[in-house]
Amino acid sequence: MRHAAFGAGEPLLAYFALPAGVLAWAVAGAWWKARLTHRRAFVPTLFYLFAGTLLEAVPVLRGDNPVQIALMLIPLLCCNTWQVLTLHKLTGSEETEEAKRRVSLGLGAARPRRG
């Protein structure tokens, strides 16, 4: 959409850098969150860090000023990543507490068998 509005005569590939950078950040943040909690947290974290951040950045993306985009997008990425990474601490998830207990006992991250 930004290419249609501002990219007259410019290559389309230049407008893929911003979403690619946000996607790389989102993948790194989702991987980190999955390592902290559970691997099932990867996809929701990836979605929030990519789609949520870009939706929050729509007002600045309507302009074509790279400095303003950087000044809004970098803090948004940092804040959203921090929020996602601390969410399990704030909610006190039982699954996370159980995983911490197993790791502290030397049982690893594997779930105990039931039955």
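Residues numbered from 1 in each chain as written. Predicted model: local features only at pLDDT ≥ 70, side-chain atom pairs only at ≥ 80, totals over all residues. Heavy atoms only, no water.

Novice: Quick question: what am I supposed to make of the overall build of the chain here?
Specialist: On a plain count of helices and strands, the chain comes out with 6 helices and 0 strands. Each helix and strand of the chain, ordered N terminal to C terminal, gives the series α-α-α-α-α-α. For the chain, the residues scored as buried account for 27% of the 115 residues in total. At a minimum sequence separation of 6, the contacts of the chain that also span at least 24 residues come to 52%. For the chain, the computed accessible surface area is about 8300 Å², with 68% contributed by carbon and sulfur atoms. (Helix = DSSP H or I, 4+ residues; strand = E, 2+ residues; numbered from the N terminus. Buried < 20%, exposed > 50% of the residue type's maximum accessible area, 1.4 Å probe, protein only. Contact = heavy atoms within 4.5 Å. Areas by Shrake-Rupley, 256 points an atom, 1.4 Å probe, with all protein chains shown as cover.)

Novice: I tried to follow the side chain of His-88 on my own but got confused; where do I start?
Specialist: Relative to the helices and strands, His-88 is located in helix 5 (residues 66–91). Among the polar contacts made by the side chain of His-88, one reaches the side chain of Lys-33 at a distance of 3.2 Å. Within the local environment of His-88, its side chain forms a polar contact with the backbone oxygen of Leu-85, the two atoms lying 3.2 Å apart. (Polar contact = N/O pair within 3.5 Å; in protein donor to acceptor, adjacent residues only side chain to side chain.)

Novice: For this particular structure, what's the right way to read the environment of Phe-47?
Specialist: Mapped onto the secondary structure, Phe-47 falls in helix 3 (residues 42–56). Given a relative accessible area of 60%, Phe-47 falls into the exposed group. For the pair formed by Phe-47 and Ala-30, sequence separation is 17 residues and the distance between their alpha carbons is 8.8 Å.

Novice: Is there a simple way to explain a nonpolar patch on the surface in this structure?
Specialist: Together, Trp-31, Trp-32 and Leu-36 line one region of the surface with nonpolar side chains, adding up to about 360 Å² of accessible area. Tracing the sequence through the fold places Trp-31 in helix 2 (residues 17–36). With a relative accessible area of 51%, Trp-31 lands in the exposed category. (Patch = residues over 30% accessible without salt bridge, like charges linked within 9 Å, V, L, I, M, F, W, Y side chains within 5 Å. Salt bridge = Lys/Arg side-chain N within 4 Å of Asp/Glu carboxyl O.)

Novice: Teacher, can you tell me more about helix 3 here?
Specialist: In an α-helix, one turn spans 3.6 residues, which is why side chains three or four residues apart end up on the same side. The first and last C-alpha atoms of helix 3 sit 21 Å apart over 15 residues, in line with the 21 Å expected at 1.5 Å per residue. Along helix 3, the positions that sit buried rather than exposed are Thr-45, Leu-49, Gly-52, Thr-53 and Leu-54. Check the buried side of helix 3 and you find it contacts helix 2, helix 4 (58–61) and helix 5. (Expected span 1.5 Å × (residues − 1).)

Novice: Is there a simple way to explain the side chain of Lys-33 in this structure?
Specialist: Structurally, the position occupied by Lys-33 is in helix 2. Residue classification places Lys-33 among the buried positions, given a relative accessible area of 6%. Sequence-distant contacts of Lys-33, that is, excluding residues within four places in its chain, are made with His-38, Ala-41, Thr-45, Val-84, Leu-85, Leu-87 and His-88.

Novice: Teacher, can you tell me more about the packing of helix 3 against helix 5 here?
Specialist: Between two packed helices, what matters for the description is the angle formed by their axes and the separation of those axes. Across the interface, helix 3 lies against helix 5 with an axial gap of 10 Å and an inter-helix angle of 145°. Judged by the twist between their axes, the crossing of helix 3 over helix 5 is right-handed. Contacts between helix 3 and helix 5 pair Thr-45, Tyr-48, Leu-49, Thr-53 and Glu-56 from the former with Met-72, Leu-73, Leu-76, Leu-77, Asn-80, Thr-81, Gln-83 and Val-84 from the latter. Residue composition of the contact of helix 3 with helix 5, grouped by class: 7 nonpolar, 5 polar and 1 charged. (Axes fitted to C-alpha atoms, helices over the stretch in contact; angles between N-to-C directions. Left-handed = near helix turned anticlockwise from the far one by under 90°. Nonpolar A, V, L, I, M, F, W, Y, C, P; charged D, E, K, R; others polar.)

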